[in-house]
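Results of the structural survey
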Amino acid sequence: MRQTPESKNPAIQKITDVVSGRRTTMALHASRVACSLAMLAPGNSKWRAAGDLYLGLTTTVLQARHRYGTDGSDQVATQVQAVTGLARLAGSTEVKDALMWYLAIQANMSYALSGVAKLAGTKWRDGSALPGVLRTRTYGFERAYRLTQRYPRAAKVTQHSVLAMECLFPVVYLAGGRMTRPMIGAVGSFHVANAFVMGLGRFMTAFPAMHPMVAYTSAPKTFPVVADRDDRMVKTALALLAAGVTVAGVVATQRRAHAVAGWPNSRTVTTRYGNELSYDVGGQDITDRPVLVFNHGLASTTEHFSWIIERLAFDIGQPVLSFARAGYGPSRRLRDAPYSVQESVDDLEDLIRKALPDDRKVVLVGHSLGAELNRRVAQQLGDRVAGVVYLDPTHPAQLVRSERQQRGSELFTKSLAELARWTKLGTGALMSRPRWVDHLPYAYRDKAFALYADSRLWTAAAREWESVRAELEGFEGELAPVPAPGLVVAAQVTVDMDPDQLLMYHDIVRSHQETGSHGDVTVVERGGHDTILTDARHARTVADLIVGFVEEHCSTPAAPAAGEPAGSLPEKVEESK
């Protein structure tokens, strides 16, 4: 927990450290119990306001230790306590009404957006989500699950009723408030049922705490008790929403422009399918060394290789080429036909043949899916391939041989589809900056985040995965021999979590050894699937492994000049070292 602090502010970290001691934590909980009991007593004094604010504050402070605040119920409870506390302290009725409207709007958003999000999921629409939840250990209830199996039609009607109730909750503001009691009664019963069936007890108390605000704001002004209610908060909220949408649109436009711009010296080639691939070259033009061609993974960017390429191209002078596949970043997919994995393989072949001289050897370096695409293109490039480096690669049989990969495949498919769908609506502007972005070299961070938050990356990834998954699920037979040296660099976290992956990595190596070529597997200690690229320490290890592999198995030493001892490096490389 200390490795993931609630705030980067040192002062706040010191406060959370103080309250995280056992005795202090116990004392805070005891005081919260006393405060809660006092809050149950009748009365409406300023002390109740202090109690509300104290409970909200201590919930927030204790989050560093207990992780409360991560569930929707905890977030709602904290907001209700804090806002009602402020409302009780407010001197004007206008401020009180604004705060009540704030909580009422939060309630409407909580239900309506939850329903819309569920509506986007296939399982909620086809009626299989409810039985699926009820059969889990975390939220399940065996007796209720059996009822859904015995009465599937009733279970489907119940599920669709929940969807309708959540999506339509804002109708409380129609028909002069006559829909308020039925809707509040329905969602209140929903929370009570969830408390007993799914164990969501805190939801039963937290969410209904917003219902009085909904009732207050939805009551028609013909009622004397709300005749003087100030409703300007609604217009303010709509204005803020419009402003937020505008700002999000501007941010998304700026990020899209940054994502598709490429780097200052980027170049392009057009493939046989009409796709335009953007690529960059670096390092020194040392003719006796092959060019390292980097192919990124699924839902990834060329910037993921930045630590490795900086090490190879700038520190060592190794010639490199990195590119974005069609649809990613500045590369454009212009083909009208449905996508197939072979399209990416052919695109890469065209890139190498057009961007590099005909006699120039290449070493293909790929991460995850990019490694599998490289393995396939090696068959088409023949003797131009001096070697293949696989960085925690995809194996074409991983969905057949690995139970873990099989389980994760369905969730991954759903996640990609949802990310592609929602980012197209401009929600990429709301994405928080992932930690791995700030682990990259400084010059690459803004570009990497712009690509990550852009819908084109997720759309391209979803398109690729649909075709890749079909091939992985139907793979049969053995890997085709690869007549070139091969090196598999595996992440320790990957092989520890799924030992089947290590067996498949050795299978890849054997496809090289069968042709009499070198093949080896090396595991990067403590490295993860992505951190072997984005963590500076692991990336340097990977870069040095690549250098050793290229020098020992992939390079053709140039003939020494007169007076130069055999085996020495060319002058430019000697200087760069």
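What about helix 3 (residues 46–66)?
- For helix 3, built from 21 residues, the straight-helix expectation of 30 Å at 1.5 Å per residue is met to within 8% by its first-to-last C-alpha distance of 29 Å.
- The largest bend in helix 3 is about 25°, located at T60.
- Of the residues making up helix 3, those classed as buried are R48, A49, G51, D52, L55, G56, T58, T59, V61, L62, Q63 and A64.
- Where helix 3 is buried, its residues meet helix 1 (10–19), helix 2 (22–39) and helix 4 (72–89).

Brief notes about the confidence of the model for the chain
- Confidence along the chain averages 89 in pLDDT terms, with 94% of residues attaining 70 or more.
- Mean pLDDT in the chain bottoms out at helix 25 (residues 571–576), which sits at 32, and peaks at strand 5 (residues 362–367), which reaches 98.
- Throughout residues 558–577 the model reports pLDDT below 50, and contacts reaching past four residues in sequence, or to other chains, amount to 20 contacts.

Details of the pattern of salt bridges
- Overall, the coordinates contain 31 salt bridges when judged by the stated rule.
- A salt bridge links R353 to E349; the shortest N-O distance between them is 3.0 Å. Of this pair, R353 and E349 both sit in helix 15 (residues 341–355), four residues apart, which is roughly one turn of the helix.
- The partner of D446 in a salt bridge is R433, with the nearest N and O atoms 3.4 Å apart.

Observations regarding the side chain of E303
- The residue E303 is located in the loop between strand 3 (291–295) and helix 14 (306–316) in this model.
- Buried charge without a salt bridge: E303, with K447 as the nearest opposite-charge side chain at an N-O distance of 5.9 Å.
- There is a polar contact of 3.3 Å between the side chain of E303 and the side chain of T302.
- Contacts of E303, omitting those with residues within four sequence positions, involve W263, L440, Y444, K447, A448 and L451.

With respect to the packing of aromatic side chains
- Counted under the stated rule, the structure contains ten aromatic pairs.
- For the pair Y111 and F169, a centre-to-centre distance of 4.6 Å together with 40° between the ring planes defines the contact as tilted. With Y111 in helix 5 (residues 93–119) and F169 in the loop between helix 9 (152–167) and helix 10 (180–197), this residue pair connects regions lying 58 residues apart in the sequence.
- Judged by relative accessible area, which is 0%, F169 ranks as buried.
- A cation over a ring is seen here: K118 above W124, with NZ or CZ 5.4 Å from the ring centre.

Things to note about a nonpolar patch on the surface
- A cluster of nonpolar side chains, contributed by V33, L37 and L40, occupies part of the molecular surface with about 350 Å² of accessible area.
- Among the structural elements, V33 can be located in helix 2.

Things to note about the sheet that holds strand 8 (residues 519–524)
- Strands sit in the order 1-2-4-3-5-6-7-8 across an open sheet of eight strands; the sheet is mixed. What marks the edges here is a single partner per strand, and that holds for strand 1 (267–270) and strand 8. Put simply, the sheet's adjacent strands are angled 25° from each other on average, direction ignored.
- Looking at chain direction, strand 3 and strand 4 (residues 320–323) are connected through four bridges and run parallel. What sits directly across from L292, in strand 4, is V320.
- Strands strand 3, strand 5 and strand 6 (385–391) of the sheet are contacted by helix 16 (residues 369–381), whose axis makes an angle of about 150° with strand 5.

Looking at the packing of helix 9 against helix 10
- Direction vectors running N to C along helix 9 and helix 10 enclose 130°, while the axes themselves pass 11 Å from each other. On the basis of the axis angle, helix 9 is oblique to helix 10. In this structure, helix 9 crosses over helix 10, and the sense of that crossing is left-handed. In this structure, helix 9 contributes V162, M165 and E166 to the contact, and helix 10 contributes M183, A186, V187 and F190.

Criteria and thresholds
Residues numbered from 1 in each chain as written. Predicted model: local features only at pLDDT ≥ 70, side-chain atom pairs only at ≥ 80, totals over all residues. Heavy atoms only, no water. Helix = DSSP H or I, 4+ residues; strand = E, 2+ residues; numbered from the N terminus. Expected span 1.5 Å × (residues − 1). Bend = angle between axes of the 7 residues up to and from the residue. Buried < 20%, exposed > 50% of the residue type's maximum accessible area, 1.4 Å probe, protein only. Contact = heavy atoms within 4.5 Å. pLDDT = per-residue confidence, 0-100. Salt bridge = Lys/Arg side-chain N within 4 Å of Asp/Glu carboxyl O. Lys, Arg positive; Asp, Glu negative; His and termini not counted. Polar contact = N/O pair within 3.5 Å; in protein donor to acceptor, adjacent residues only side chain to side chain. Phe/Tyr/Trp six-rings, centres within 6.5 Å; stacked < 30°, edge-to-face > 60°. Lys NZ or Arg CZ within 6 Å of the ring centre and 35° of its normal. Patch = residues over 30% accessible without salt bridge, like charges linked within 9 Å, V, L, I, M, F, W, Y side chains within 5 Å. Areas by Shrake-Rupley, 256 points an atom, 1.4 Å probe, with all protein chains shown as cover. Pairing = 2+ DSSP bridges. Axes fitted to C-alpha atoms, helices over the stretch in contact; angles between N-to-C directions. Parallel < 35°, antiparallel > 145°, perpendicular 65-115°, else oblique. Left-handed = near helix turned anticlockwise from the far one by under 90°.

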